[in-house]
2 protein chains.
Amino acid sequence: METSVYAKDCPSRQILDRIGDTWSVLVVVMLADGAHRYTELAKRIEGVSPKMLTQTLRGLERDGLISRTVHPVVPPRVDYALTSLGQSLYGLVEGLEKWAEAHIDDVQAARVAYDSGV
Amino acid sequence: METSVYAKDCPSRQILDRIGDTWSVLVVVMLADGAHRYTELAKRIEGVSPKMLTQTLRGLERDGLISRTVHPVVPPRVDYALTSLGQSLYGLVEGLEKWAEAHIDDVQAARVAYDSGV
DNA sequence: CAGAATCCTATATGATACTG
DNA sequence: CAGTATCATATAGGATTCTG
């Protein structure tokens, strides 16, 4: 075990796992511009099932990345928003997007070359 | 589809998927300090099966992130190394590690609070 | 040594229907 | 509206064996 990243429970791995989770990142991006309700998220994040959305929101909430505010009204209204920690994570996601946009052409070209060569 | 990140095939998603992949990141980290042979990787990356290691290496190679050099000797010798694109990606991984180390305490505290509150 | 082939299981995810 | 419960499945991943 030379560097910490090899342990399953190291900090990097835990963050990596969350970043690698499709729905988590999408939710964070969605909430970057302000709070949203459950149904708004469900509608705007295409293809997500209620089950996965709830599971994702719970995970993000547990990690302190988003807040969940229940308004005691009928019908129910629940707002989700990024915490300051979540906003900090969003900064990381933005970095990822920048890298992706800057290098996706290289990756795509490499794939074409690889696929034609094999 | 408001932002590109919602598409399955957008640049960010593709990079995210690779970053989120356990073994890919570990291989990149392993190769950050220089080239390594297949068996070295297999030994030092704990718990990886030949199947997953090969699959991971092929994926990284296809994306132009690592190079694969076969030495025509007996017994076979194959070296893997980061390409310049791969080194660039490693920069991103380092950024992730820094964020993780800086904020893991907050995340952990949030988890404890959440678990005790529920 | 480097990896391919095979078999098998666990987990993640999806679809759907229901409820306070 | 904001979920929960249930069922079904796909597929990622692991263990193992074999070979150029």
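Please read these numbers as outputs of a predicted model, since none were measured by experiment.

A few points about the interface of chain A and chain B
In this complex, chain A contributes 46 residues to the contact, which on the side of chain B involves 45 residues. Across the chain A/chain B interface, buried area totals approximately 4600 Å², and carbon plus sulfur atoms make up 63% of it. Across the contact surface, chain A and chain B share four salt bridges. A salt bridge links B:Arg111 to A:Asp63; the shortest N-O distance between them is 2.6 Å.

Quick look at the protein's contact with DNA strand C
If you check the shell around DNA strand C, you find 18 residues, and the closest are A:Lys51, B:Tyr38, B:Thr39, B:Arg68 and B:Tyr80. Among the atoms of DNA strand C lying within 4 Å of the protein, the sugar-phosphate backbone contributes 67%. With respect to DNA strand C, the backbone of B:Pro76 contributes an N or O atom lying 3.2 Å from a sugar or linking oxygen. If you list the elements that add at least two residues to the surface near DNA strand C, you get helix H4 (50-62) of chain A together with helix H3 (38-44), helix H4 (50-62) and strand E3 (77-82) of chain B. In terms of residue count, the dominant contributor to the surface near DNA strand C is H4(B) (four residues).

Quick notes on the rules
Residues numbered from 1 in each chain as written. Chains lettered and ligands numbered in written order. Predicted model: local features only at pLDDT ≥ 70, side-chain atom pairs only at ≥ 80, totals over all residues. Heavy atoms only, no water. Contact = heavy atoms within 4.5 Å. Buried area = accessible area lost by both parts, 1.4 Å probe. Salt bridge = Lys/Arg side-chain N within 4 Å of Asp/Glu carboxyl O. Near = heavy atom within 4 Å. Polar contact = N/O pair within 3.5 Å; in protein donor to acceptor, adjacent residues only side chain to side chain. Helix = DSSP H or I, 4+ residues; strand = E, 2+ residues; numbered from the N terminus.

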